[in-house]
Amino acid sequence: PIYPDGTPADIGAIYYSQEGNNAPIITSEWLEFAGRGREYEYVATAVDEGETNFVFSDLPEWLEEIDPGVVSGVTPEDCDSVTFILTCENEQENQDITLVDVIGVDGKPLRWALTGVLPFEDSPYAIVDDVYIPTDSTLTIEAGCDIDNLTPREDQYKNAHKFLPDGNLKILGTPDNMVSIHSDYPIGEEAPNDYQWQGIRRNYENSTPVDTLIIRYLDMYGSNNGISLSRFRHSEIVGCNLHDNGNGITIRSDYARVDSNTIVGRDYEFERIIHGSGGISVNGINASIRRNKIISHNQTGISCTSDIQEISYNYIERCGLSRGNPDNGRDGINCQPDSIGGIVHHNLLVNNGAGISLASGNGQDSHVKGKIYSNTIIRCWNESAIRLSGMDTAEVYNNLVYNAPQAVHFSNVDFSAPQSINNNLFFSCDEDFDYYLIPGYGVDTTLNHNGDQCDSFGNIFIDPELIGFGHDPYGLRQDSPAINAGSGVVDEDADGTISDIGYRPFGHNNPIPEI
């Protein structure tokens, strides 16, 4: 059909007159947010072919028109929400009318694109919609900033919020003045799944790499995904406290440094651990994962894919218990190096589904070298304490394993190459070794430096005599047979004696987090 202006029909229900007799279209937001006790300003905008005039009606007493199309005022401390009417009229006296809803929030509202600096002086902040850092931009969050992610209200907006860093992100808290980003739900309570804020996320595998991710001393809780980021050239996550999140830290980045973080999963009841990919998961070369405390995660405590620099001095408790079920156990630490190898040392693992797994993703011909030493592993529910698979050569020494279905399991390992399992202490294990191992392991045939019975490789199989209470229940007692029973491969202890077996030498401190 031909419309009155002589043109073909328009698409849709609204007829647009090309003769100029059209109503204006208001383009300013109908849903607004105002920080309680803060200055609020609303600027009306519209699209029209000529001059327009704005008229405000039903304004609350705290708002007044200061310029044509602009109202301003200080939001009352008790403001929940207010509405007013905005009318736009053009020269032909055609009108567009909208009802503007202004919601009062505690803090400076944040939504959509963020760049520059979030200063401490403007804190607290309130995230009221998705926020993102545009590509090639940088957002810096100063120490002490408090950022509240508001749970969406069903009568006003639907989707849970996301924090999407497509540009550089720098969260610069300090030990004494952390940055806090959190849900507005109380700790220990869950928002409905559809309304849980989504955490800090960047999961676009084909996206352009971003230069910098620095997150220092962040306190974060109540999200569905925790920190889940990919494609950063430089990543540093240090000194953070993540608790009551669905996941911990998941990052795809080379040269990632994940250091001195505390990550506690949702574990309101032992049998009901919320879904999640685990405590820390890193995919990239030369990762350093050190001095972290990881407690109560549904899947693996620490997972690292590609070649790693080291995983050391971490404390991992109650991870790998799928939905709290010990029969569906996963590892406390799981490494899958591609070509060079992995080093896992001086970690303390307690009550996990399994212990430490080092497995090459490229199979037996990968020439990957694995090294697991000076770890303490207490109670694995349903898997081996130490597992190595697809390795060219492996070194396992100075480890203390107490209570596991199996102490050491090798599979798809080149036994024509030298394999070393020496100077470990295995006690209260259903099985010490499996049939893949060289004969002689686990058979007491000689005495070690301390005069205790051991196999020909220095492994001992007696009670380690742990402290059992206090701030370090898994440390060695003065009469422990693990003292001075270690391998000469490890440097002498600080007291100048032969190395001890386990994560912490007797009588000396090391930088593992306090239990």
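The structure we're discussing is the one just above.
Calculation notes
- Residues numbered from 1 in each chain as written.
- Predicted model: local features only at pLDDT ≥ 70, side-chain atom pairs only at ≥ 80, totals over all residues.
- Heavy atoms only, no water.
- Helix = DSSP H or I, 4+ residues; strand = E, 2+ residues; numbered from the N terminus.
- Buried < 20%, exposed > 50% of the residue type's maximum accessible area, 1.4 Å probe, protein only.
- Contact = heavy atoms within 4.5 Å.
- Areas by Shrake-Rupley, 256 points an atom, 1.4 Å probe, with all protein chains shown as cover.
- Core = buried A, V, L, I, M, F, W, Y, C linked by side-chain atoms within 4.5 Å.
- Patch = residues over 30% accessible without salt bridge, like charges linked within 9 Å, V, L, I, M, F, W, Y side chains within 5 Å.
- Salt bridge = Lys/Arg side-chain N within 4 Å of Asp/Glu carboxyl O.
- Lys, Arg positive; Asp, Glu negative; His and termini not counted.
- Charge placed at Lys NZ, Arg CZ, Asp CG, Glu CD.
- Pairing = 2+ DSSP bridges.
- Axes fitted to C-alpha atoms, helices over the stretch in contact; angles between N-to-C directions.
- Phe/Tyr/Trp six-rings, centres within 6.5 Å; stacked < 30°, edge-to-face > 60°.
- Lys NZ or Arg CZ within 6 Å of the ring centre and 35° of its normal.
- Polar contact = N/O pair within 3.5 Å; in protein donor to acceptor, adjacent residues only side chain to side chain.

**Student:** It is not clear to me how the overall build of the chain should be interpreted in this structure. Could you clarify?
**Tutor:** On a plain count of helices and strands, the chain comes out with zero helices and 45 strands. Counting every position in the chain, which comprises 515 residues, the buried fraction comes to 56%. Taking as baseline every contact in the chain between residues at least 6 positions apart, the subset at least 24 positions apart corresponds to 58%. For the chain, the exposed surface amounts to about 22,400 Å²; the carbon and sulfur share of it is 46%.

**Student:** In this structure, what is going on with the nonpolar core? I would like to understand it.
**Tutor:** One recurring pattern in soluble globular proteins: nonpolar side chains tend to sit buried together. Counting 71 residues, the largest nonpolar core has Ile200, Leu218 and Ile227 as its most contacted members. Excluding residues that lie within four positions of it along the chain, isoleucine 227 makes contacts with Ile200, Ile215, Leu218, Met220, Ile237, Leu242, Gly248, Ile249 and Thr250. Grouped together as the second largest cluster of nonpolar side chains are 17 residues, Ala34, Val71, Cys79 and Val82 included.

**Student:** Looking at this structure, how should I read a negative patch on the surface?
**Tutor:** A cluster of acidic side chains, namely Glu39, Glu41, Glu65 and Asp67, defines a negative patch on the protein surface. Position of glutamate 65 among the secondary structure elements: in strand β6 (residues 64–67). A relative accessible area of 41% places glutamate 65 in the partly exposed class.

**Student:** Even after reading the chapter, I still don't get the sheet that holds strand β9 (residues 95–105), so can you show me in this structure?
**Tutor:** Pairing between the strands of a sheet comes from backbone hydrogen bonds, and it takes one of two forms, parallel or antiparallel. In spatial order, the strands read β2-β9-β8-β5; together these four strands make up an open sheet with mixed pairing. Both edges of this open sheet fall to β2 (31–35) and β5 (52–57), since each of them pairs with a single strand only. Between one strand axis and the next, the sheet turns through 30° on average, direction left out of account. Where strand β8 (residues 81–90) lies against β9, nine bridges are found, and the strand directions are antiparallel. Among the inter-strand pairings, cysteine 88 is bridged to a residue of β9, identified as aspartate 96.

**Student:** What's the story with the packing of aromatic side chains in this structure? I'm lost.
**Tutor:** Two descriptors summarise a pair of aromatic rings, namely the distance from one centre to the other and the angle between the planes of the rings. Considering all chains together, one arrives at eight aromatic pairs under this definition. Centroid distance tyrosine 42 to phenylalanine 56: 6.4 Å. Interplanar angle 85°. Geometry classified as edge-to-face. One end of the pair, tyrosine 42, is in strand β3 (residues 39–43); the other, phenylalanine 56, is in strand β5, and 14 residues separate them in sequence. Of the two residues, tyrosine 42 and phenylalanine 56, neither departs from the other in class, the shared state being buried. Over the aromatic face of phenylalanine 232 sits the side chain of arginine 202, whose NZ or CZ is 5.6 Å from the ring centroid. Over the aromatic face of tryptophan 381 sits the side chain of arginine 379, whose NZ or CZ is 3.8 Å from the ring centroid.

**Student:** Would you mind showing me how to read the sheet that holds β6 here?
**Tutor:** Judged by pairing direction, the sheet is antiparallel, and its three strands sit side by side in the order β3-β7-β6 without closing on themselves. The sheet is open, and its two edges are formed by β3 and β6, each paired on a single side. Put simply, the sheet's adjacent strands are angled 35° from each other on average, direction ignored. As paired strands, β6 and strand β7 (residues 70–74) are joined by three bridges and run antiparallel to one another. Looking at β7, one finds that glutamate 64 is bridged to serine 72.

**Student:** Just checking my understanding: could you explain the environment of serine 253 for this structure?
**Tutor:** Within the element layout of this structure, serine 253 appears in strand β23 (residues 249–253). Note on serine 253: relative accessible area 3%, which makes it buried. Distance from serine 253 to histidine 234, taken between C-alpha atoms, is 6.9 Å for residues 19 residues apart in sequence. In this structure serine 253 touches Phe232, Arg233, His234, Ser235, Val282, Asn283 and Gly284, once residues within four positions along its chain are discounted. There is a polar contact of 2.8 Å between the side chain of serine 253 and the backbone oxygen of phenylalanine 232.

**Student:** Just to check I follow, could you spell out the pairing of strand β13 (residues 138–142) for this structure?
**Tutor:** Two faces, one strand: in a regular strand the side chains alternate between the faces of the sheet. Sheet topology note: the strand β11 (residues 116–118)/β13 ladder contains three bridges and is parallel. Paired with glycine 116 across the bridge in β13 is leucine 139. Across five bridges, the pairing between β13 and strand β16 (residues 168–172) is parallel. Across the sheet, the residue bridging to threonine 138 is asparagine 168, located in β16.

**Student:** Help me understand the pairing of β3 in this model?
**Tutor:** Because side chains alternate across β3, one face comprises the buried residues Tyr40 and Tyr42, and the other comprises Glu39, Glu41 and Val43, none of which is buried. Across five bridges, β3 lies against β7 in antiparallel orientation. Considered in β7, the bridge of tyrosine 42 is made with valine 71.

**Student:** So what exactly am I meant to see when it comes to the environment of aspartate 479 here?
**Tutor:** Here aspartate 479 lies in the segment after β45 (453–454). Sequence-wise, aspartate 479 and leucine 466 are 13 residues apart; in three dimensions their C-alpha atoms are separated by 9.1 Å. At 2.9 Å, the side chain of aspartate 479 forms a polar contact with the side chain of arginine 477.

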